[in-house]
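A look at the structure
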Amino acid sequence: MTRIQASDTLIPRQVFDVPAESSNKARGRSNSTADTSSEGSGVKLKKQIGLLDGVAIIVGVIVGSGIFVSPKGVLMHSGSIGQSLIIWVLCGVLSMVGALCYAELGTMIPKSGGDYAYIGAAFGPLPAFLYLWVALLILVPTGNAITALTFAQYLLKPFWPSCEAPIEPVQLLAAAMICVLTVINCYNVKWVTRVTDIFTGTKVVALLVIVGAGVYYIADGNTEHWEQPFNGSFKKPGLIALAFYSGLFSYSGWNYLNFVTEELKDPYRNLPRAICISMPVVTIIYMITNIAYFSVLSTDEILSSDAVAVTFGDKMLGFFSWIMPLAVACSTFGSLNGAIFASSRLFFVGARNGHLPAAISLININCLTPIPSLIFLCIITIMLLFTKNMYVLINYVSYVEALFTLISVAGLLWLRYKQPKTERPIRVSLALPIIYLIVCLFLVIFSCFESPTEVGVGTLIILSGIPVYYLTIHNPVQWLANASQAINMWCSKFFICMPNQEKFD
């Protein structure tokens, strides 16, 4: 998987020569996120994401399927509504602490790629590749698959009101949704932002409906669910860790803006500002939404439902209950749209740095989007759709994500020691990364006792990246290098792509 630049002789020069009309057309597009170089030998990402766009990306990605799926998982492992609410708040606080730590890393290392860039700067190429490896196989496609499956379940729920929808139509609809959003992301970045804006509005409406109905229900004197809110709380550390995993899954995406730092205007100011605006907003939204759930639905009703918001709508909205699954489906649609946009840049950066086949770092000369990276992500995500238990997927994602965010924040402390004089536009209190490390260690260690299978499989996938690294990156096998070069040539011609001009050091 060798890195191939435009000047390499392995690919014919005519592959990269852009006709005058196409070149002018590409340069004239104001809606692109990349720009051609002055020599026409490559393309590079362009800064055009502002503060409000950054806030929209964070909120839009976070508020997706999680708040409509995870209430069941948090309650299942916490045992009571009182302890569930505490875990929801603590998950928001922990995510805010992690996001502030990432603000220091993101302004100190203003490169796209998020954890991949930070782990590489702190600990070298092998740990960075291992993060990319598990992100490729678990983190990104699994998170996207869960969101797509949630979209399909909610959209199909009205057709199977008294039972779960058959898994086959759910998977087919989820796959179709992923393909549609991939096409949108490939064709035009402005379409991506417009879809995000439109569907962010629908998720706000859905949450306002839930909160409004919950307030009405409580005001009518229905407070019986709050008489003993901590009755039945679990005390076992392993179960509490799994409850945190389900809650943190709902907050996952707070670091997605770090994936596109190179496309963010004035990242030294806008990155921390976007984090400080979006995270408290999301935490408040999640709190009041869960209070509404717990006020209307009993513990048994929540635990027996795979579509909590739909069950809520059936009980409170009567004839208009169909609005809820539609609104939730629109919410997950918009969330997945933003996730595909941000996460495709991770693989794009990894390929640009030589850690994935060079073809994934190519950019289409007309649409100026990383089409090979987007298609690659689409294929991996569709492959992961064929699972019947979303909560197993959540445990896979949460364990691996907690482990690597722990490594990233440990990298912040290591860089403080290793590079004390490096400029840090944002410098958080030393207590924040230490607190975050302690909590992540708790989650990682105690989850091993409660979900040994998921933890074991996740660990094996991480370790399997080591031989892959040495066979393909450190000392590449020749036939793999030749295959990578052949794929790169084919993608360049088929997708009319050019390599990215900037190197990722």
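Quick summary incoming for the structure in this document. (Residues numbered from 1 in each chain as written. Predicted model: local features only at pLDDT ≥ 70, side-chain atom pairs only at ≥ 80, totals over all residues. Heavy atoms only, no water.)

Focus: the overall build of the protein chain
Using the following cut-off: In DSSP terms, a helix is any run of H or I states spanning at least four residues, a strand is any run of E spanning at least two, and both are numbered starting from the N terminus. Note on exposure labels: buried denotes an accessible area under 20% of the residue type's maximum, exposed denotes more than 50%, and partly exposed covers the range between, all computed with a 1.4 Å probe on protein chains only. Residue contacts are counted whenever heavy atoms from the two residues lie within 4.5 Å of one another.
Along the protein chain, the regular secondary structure elements total 18 helices and 4 strands. In the protein chain, which comprises 505 residues, the share counted as buried stands at 59%. Long-range pairs, those at least 24 residues apart, make up 83% of the contacts in the protein chain between residues at least 6 apart in sequence.

Looking at the pattern of salt bridges
Let me state the cut-off plainly: Salt bridge, as used here, is a side-chain nitrogen of Lys or Arg placed within 4 Å of a carboxyl oxygen of Asp or Glu.
Taken as a whole and judged by the stated rule, the model has 3 salt bridges. Ionic pairing is found between Arg416 and Glu104, a salt bridge with its closest N-O pair at 2.8 Å. Here Arg416, found in helix 15 (residues 390–418), pairs with Glu104, found in helix 4 (residues 81–108); they are 312 residues apart in sequence, far enough to count as distant. Each member of the pair, Arg416 as well as Glu104, carries the same accessibility label: buried. Salt-bridge contacts for Glu301 lead to Lys315; the nearest nitrogen and oxygen are separated by 3.4 Å.

Observations regarding the nonpolar core
One broad rule of soluble globular proteins: the nonpolar side chains tend to lie buried together. The cut-off we apply is this: Nonpolar cores were defined as sets of buried Ala, Val, Leu, Ile, Met, Phe, Trp, Tyr and Cys residues, with membership established by side-chain atoms within 4.5 Å.
Counting 123 residues, the largest nonpolar core has Tyr131, Met279, Leu346 and Phe347 as the members making the most contacts within it. Take this core: its biggest share by element is 18 residues, from helix 6 (residues 125–156). If sequence neighbours within four positions are ignored, Tyr131 has contacts with Asp115, Tyr116, Ile119, Leu139, Phe259, Leu346 and Phe404. Listed in part, the 21 residues of the second largest apolar core include Tyr154, Phe294, Val296 and Met324.

Quick look at the packing of aromatic side chains
Which entries qualify depends on this criterion: What counts as a ring pair is set by centres within 6.5 Å for rings of Phe, Tyr and Trp (its six-membered ring), and what kind of pair is set by the plane angle: stacked under 30 degrees, edge-to-face over 60, tilted for all other angles.
If you walk through the whole model with that rule in mind, you get 14 aromatic pairs. Their ring planes at 85 degrees and their centres at 5.8 Å tell us that Tyr102 and Tyr118 sit as a pair that is edge-to-face. Residue Tyr102 is located in helix 4, and its partner Tyr118 is located in helix 5 (residues 115–123); the two are separated by 16 residues in the primary sequence. By the burial criterion, Tyr102 is buried, and Tyr118 matches it.

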